[in-house]
Amino acid sequence: MKKYLCLLAILPLIACKNNNYEISGNIEQVADSSLVYLQVLQTDKSFKIIDSAYAINQKYTLKGNWEKEPTNAYLLIKEASFSPRFILEKGKINLSVINNKEHKYEINGTENNDLLNNLIQDTEKQKNSIISILSEANEHTISNEDRMLLYNEAFINQTDIDKTYFEFALKNPEKSVSALIVEDLYFRNSIDLNKLQS
């Protein structure tokens with residue numbers, strides 16, 4: 001009888017543990033005690049910070065409870081020039097920033113994040129091209145006309161990336177990550193309402 005009572009006593013702890021998330025990894029080129037924030041995308045297109053941690057020796061860990069459905073999330077890193085995107089859900093997630101300047105990072109640990117990481121890797125060449133183009137466009141020595149041409153080229157590359165993501169979502173409607181990809185594209189005004197409904 002005591003064994004059953006002990007089992008019943010720990011069931012809530014087990015259930016609670018099953019809803020936990022743990023996000024950890026390395027972040028290159030950040031100073032010790034730099035803050036790392038976990039923010040989630042809200043339905044009004046705003047972001048809500050739900051957790052934070054300090055990066056020590058370029059490593060960080062965020063732990064908490066997540067009982068909701070998988071959602072689009074971003075790491076906000078004080079010294080980084082971008083916010084890595086991933087899927088927040090229960091389980092262990094590894095997110096490491098490999099090159100801050102090139103906005104290069106890797107995520108894995110859950111099925112949704114593995115699939116998202118594959119898409120990130122598939123579009124890496126185009127993403128690097130955008131970074132290079134925008135860097136050139138920000139040079140003070142070029143004319144406004146050349147700057148506008150570069151912005152247009154970057155926009156075309158971003159449209160191609162968005163198309164790759166959208167096509168993946170259409171081909172894999174049963175995957176949770178597909179709905180989150182479409183949500184992210186819609187919130188970034190990369191697809192219109194008709195495409196969202198499809």
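Residues numbered from 1 in each chain as written. Predicted model: local features only at pLDDT ≥ 70, side-chain atom pairs only at ≥ 80, totals over all residues. Heavy atoms only, no water.

### Side note on the side chain of Asn172
Okay, so step 1: Considering the arrangement of structural elements, one finds Asn172 in the loop between α4 (144-171) and α5 (176-187).
Okay, so step 2: In this structure Asn172 comes out as buried when scored by relative accessible area, which is 19%.
Okay, so step 3: Among the polar contacts made by the side chain of Asn172, one reaches the main-chain carbonyl oxygen of Phe168 at a distance of 2.9 Å. (Helix = DSSP H or I, 4+ residues; strand = E, 2+ residues; numbered from the N terminus. Buried < 20%, exposed > 50% of the residue type's maximum accessible area, 1.4 Å probe, protein only. Polar contact = N/O pair within 3.5 Å; in protein donor to acceptor, adjacent residues only side chain to side chain.)

### Thoughts on the sheet that holds strand β8 (residues 104-108)
Okay, so step 1: One open sheet accounts for 4 strands, arranged β4-β1-β7-β8; its pairing is mixed. Both outer strands of the open sheet, β4 (59-65) and β8, are each paired with one neighbouring strand and no more. The sheet shows a mean angle of 15° between the axes of neighbouring strands, taken without regard to direction.
Okay, so step 2: Sheet topology places strand β7 (residues 91-99) next to β8; 5 bridges connect them, and they run antiparallel. Residue pairing across strands places Val97 opposite Tyr105, the latter belonging to β8.
Okay, so step 3: Set on the sheet, helix α2 (residues 111-122) makes contact with β7 and β8; between it and β8 the angle comes to about 155°. (Pairing = 2+ DSSP bridges. Axes fitted to C-alpha atoms, helices over the stretch in contact; angles between N-to-C directions. Contact = heavy atoms within 4.5 Å.)

### A few points about α4
Okay, so step 1: Counted at 1.5 Å a residue, the expected span for α4 with its 28 residues is 40 Å, and the 41 Å between its end C-alpha atoms agrees.
Okay, so step 2: By the burial criterion, the buried members of α4 are Arg147, Leu150, Ala154, Asn157, Ile161, Asp162, Tyr165, Phe166, Phe168 and Ala169. (Expected span 1.5 Å × (residues − 1).)

### Observations regarding the nonpolar core
Okay, so step 1: Core analysis: the biggest nonpolar cluster contains 46 residues, and Ile23, Leu62, Phe86, Leu88 and Leu95 have the highest contact counts within it.
Okay, so step 2: When residues no more than four places from it in sequence are discounted, the contact partners of Leu88 are Tyr21, Ile23, Leu38, Val40, Ile50, Trp66, Glu69, Pro70, Thr71 and Ala73. (Core = buried A, V, L, I, M, F, W, Y, C linked by side-chain atoms within 4.5 Å.)

### Details of the sheet that holds strand β6 (residues 85-88)
Okay, so step 1: Taken together, the 4 strands give an open sheet; going across it, the order is β3-β2-β5-β6, and neighbouring strands pair in antiparallel fashion. Of all the strands in the sheet, the pair left with one neighbour each is β3 (47-55) and β6. For this sheet, the mean angle separating the axes of adjacent strands, direction not counted, is 30°.
Okay, so step 2: Note that strand β2 (residues 34-41) and β3 share 8 bridges and pair antiparallel. Bridge pairing in β3 links Leu38 to Asp51.

### What about a negative patch on the surface?
Okay, so step 1: Residues Glu136, Glu139, Glu145, Asp146 and Glu153 make up a contiguous surface patch of negative charge.
Okay, so step 2: No other element matches the 3 residues that α4 contributes to the negative patch.
Okay, so step 3: Residue classification places Asp146 among the partly exposed residues on the basis of a relative accessible area of 39%. (Patch = residues over 30% accessible without salt bridge, like charges linked within 9 Å, V, L, I, M, F, W, Y side chains within 5 Å. Areas by Shrake-Rupley, 256 points an atom, 1.4 Å probe, with all protein chains shown as cover. Salt bridge = Lys/Arg side-chain N within 4 Å of Asp/Glu carboxyl O. Lys, Arg positive; Asp, Glu negative; His and termini not counted. Charge placed at Lys NZ, Arg CZ, Asp CG, Glu CD.)

### Overview of unusual backbone geometry
Okay, so step 1: With a phi close to 65°, Gln29 is a non-glycine residue in the positive phi region.
Okay, so step 2: Its location among the elements puts Gln29 in the loop between β1 (20-26) and β2.

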